[in-house]
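# Residue-level structure breakdown
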Amino acid sequence: MTAATGRTPAPAGRLLRLPKALLRALLLPAVLIAVWWWASATSGSYYMPTPDVIVQTFGEVWTAERFTVDVLPSVGLLLTGYALAAVIGVGAGLPLGMSPKLRALVEPVLEFLRAVPPPVLVPLLMLLIGLDSSMRAAVIVSGCVWPVLLNTIEGVRAVDPVLADTCRVYRIRGRRRLTTLVLRSASPQIMAGLRQALSLAIILMVISEMFASSSGLGFAIVQFQRSFAIPEMWSGIILLGLLGVLLSVLFAFVERKALGWYRGVRAASRGE
């Protein structure tokens, strides 16, 4: 502690808070694993192996070769579809948000397309595109584009009118207005849409690989299920969960960097 303030310096305070935050983060998973262990040990069901069996199987199944064949192509497919959905959603959401007439014109069609579940499109896309990775990426795009598009539209519509008038007075137009006012004002909602799309991307990646693929995580899990390799199937499900956690952590890091100014503005408005 410092003599002047009698409080722990900020860096030291953060270090002291780390174990507590880690404990809070691991407490619920530990409880759930304990409950799962007890339930699987007492049930005696072949379809519900204990966590130690799944962990042992995980190390045996997901080797470096298996990662190369199944995991890396799935991650590449997921990121490709997700990136395309982000570009299309933001690119289409900006003009739709800025133009009420354009939005009114295309809104009925957008509502119709949004109501179609992406898994239903898999047979159609198989006929139109084929059974290659382009079809699976199209399935991911067809579902992930909507949260990005709708959040972008709402974010653009919610631009502060005072700031818009200020830009008009100072003759800030075109690309400069788009980058300094519209995109910056809409970025919190755009990031919210991107977060929603990330979880959808994982789901649609697995669905597309279950329908039409000879490799990938979804294909491997289905093959394990069909051959009654239950611990192997559970290990694939656990791997999908770990992949989701990793992507969520990476997204949270990017979001903190991208929206650092926004958090500062909110803290200042609260007087912190």
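Below is a short write-up of the structure. Everything quoted here is computed from the prediction, not taken from an experiment.

How each quantity is defined
- Each chain carries its own residue numbering, running from 1 in the direction its sequence is written.
- With pLDDT at 70 or above as the cut-off, local features in this predicted model cover only qualifying residues; side-chain atom pairs require 80 or more to be listed or tallied, and sums for whole chains, interfaces and linings still use all residues.
- Note: side-chain values were computed over all heavy atoms of the structure, leaving out hydrogens and water.
- Secondary structure elements follow DSSP: runs of H or I no shorter than four residues count as helices, runs of E no shorter than two count as strands, and numbering proceeds from the N terminus.
- The buried label goes to any residue with under 20% of its type's maximum accessible area, the exposed label to any with over 50%, and the partly exposed label to all in between, with areas taken from a 1.4 Å probe on protein chains only.
- Exposure above 30% relative accessible area and the absence of a salt bridge qualify a residue for a patch, where like charges join within 9 Å and nonpolar side chains (Val, Leu, Ile, Met, Phe, Trp, Tyr) within 5 Å.
- Per-residue and other accessible areas follow the Shrake-Rupley method at a 1.4 Å probe size, with only the shown protein chains counted as cover for residues.
- By definition, a salt bridge exists where a carboxyl oxygen of Asp or Glu is found within 4 Å of a side-chain nitrogen of Lys or Arg.
- Charged-residue counts in this description rest on Lys and Arg as positive and Asp and Glu as negative, His and the chain ends being excluded.
- Charge coordinates come from a single atom per side chain, which is NZ of Lys, CZ of Arg, CG of Asp or CD of Glu.
- Lines are fitted to the C-alpha atoms to define the axes, a helix being fitted only along its stretch in contact, and any angle between axes, read from their N-to-C directions, falls within 0 to 180 degrees.
- Any angle that falls under 35 degrees is termed roughly parallel, while one over 145 is termed roughly antiparallel, one within 65 to 115 roughly perpendicular, and all others oblique.
- The crossing is said to be left-handed when, going from far helix to near helix, the turn is anticlockwise and less than a right angle, and right-handed when the turn is clockwise.
- Residues are treated as being in contact if the distance between any of their heavy atoms lies within 4.5 Å.
- In this classification, Asp, Glu, Lys and Arg are treated as charged, Ala, Val, Leu, Ile, Met, Phe, Trp, Tyr, Cys and Pro as nonpolar, and every other residue, Gly included, as polar.
- Any N or O atom pair separated by 3.5 Å or less is treated as a polar contact, with the protein-specific requirement of one donor-capable and one acceptor-capable atom, and with residues adjacent in sequence counted only for side-chain atom pairs.
- The aromatic pairing rule takes the rings of Phe, Tyr and Trp, using the six-membered ring of Trp, and pairs them if the centres are within 6.5 Å, calling planes under 30 degrees apart stacked, those over 60 edge-to-face and the rest tilted.
- Counting as a charge over the ring demands two things of the Lys NZ or Arg CZ atom: a distance within 6 Å of the ring centre and an angle within 35 degrees of the ring normal.

## Section: the environment of Val55
In this fold, Val55 is placed in helix H2 (residues 51-61). Judged by relative accessible area, which is 59%, Val55 ranks as exposed.

## Some remarks on the environment of Ser45
Looking at the element boundaries, Ser45 is found in the loop between helix H1 (10-43) and H2. Once the C-alpha coordinates of Ser45 and Val35 are considered, the two residues, 10 residues apart in sequence, prove to be 15 Å apart.

## Some words on a positive patch on the surface
On the surface, a cluster of positive charge is contributed by Arg256, Lys257, Arg263 and Arg266. Secondary structure elements with two or more residues in the positive patch: helix H10 (230-258) and helix H11 (260-269). Its location among the elements puts Arg263 in helix H11.

## Focus: the packing of helix H9 (residues 217-226) against H10
Put simply, H9 and H10 touch, their axes get as near as 8 Å, and they point 155° apart. As summarised for this structure, H9 and H10 are arranged roughly antiparallel, according to the angle between their axes. Handedness of the crossing formed by H9 with H10: left-handed. Side by side, H9 and H10 meet where Leu217, Ile221, Phe224 and Gln225 of the first sit next to Glu232, Met233, Gly236, Ile237, Leu239, Leu240 and Leu243 of the second. Across the contact of H9 with H10, the residue classes break down as eight nonpolar, two polar and one charged.

## A short note on the side chain of Ser208
Tracing the backbone through its elements, the reader meets Ser208 in helix H8 (residues 174-211). Side-chain polar atoms of Ser208 contact the backbone oxygen of Met205, separated by 2.8 Å. Discounting chain neighbours no more than four positions away, the residues touching Ser208 are Leu77, Arg136 and Val139.

## Describing the packing of aromatic side chains
Note on aromatic pairs: each is described by the distance of the centres and the angle between the planes. In this structure the tally under the stated criterion is three aromatic pairs. With centroids separated by 5.5 Å and ring planes inclined at 40°, the aromatic side chains of Trp36 and Trp234 adopt a geometry described as tilted. A residue pair is termed long-range when its members are at least 10 positions apart, and Trp36 in helix H1 and Trp234 in helix H10 qualify at 198 residues. Among the residues examined, Trp234 registers a relative accessible area of 23% and is labelled partly exposed. Aromatic side chains Tyr46 and Tyr47 sit 5.7 Å apart centroid to centroid with 70° between the ring planes, which places their arrangement in the edge-to-face category. For Arg66, the ring lying beneath its charged end belongs to Trp62, and the centroid distance is 5.6 Å. Note that Arg184 overlies the ring of Trp261, its terminal NZ or CZ placed 5.2 Å from the centroid.

## Observations concerning the environment of Gly216
For Gly216, the location among the structural elements is in the loop between H8 and H9. When near neighbours in sequence (up to four residues on either side) are disregarded, Gly216 contacts Val69, Asp70, Ser74 and Glu209.

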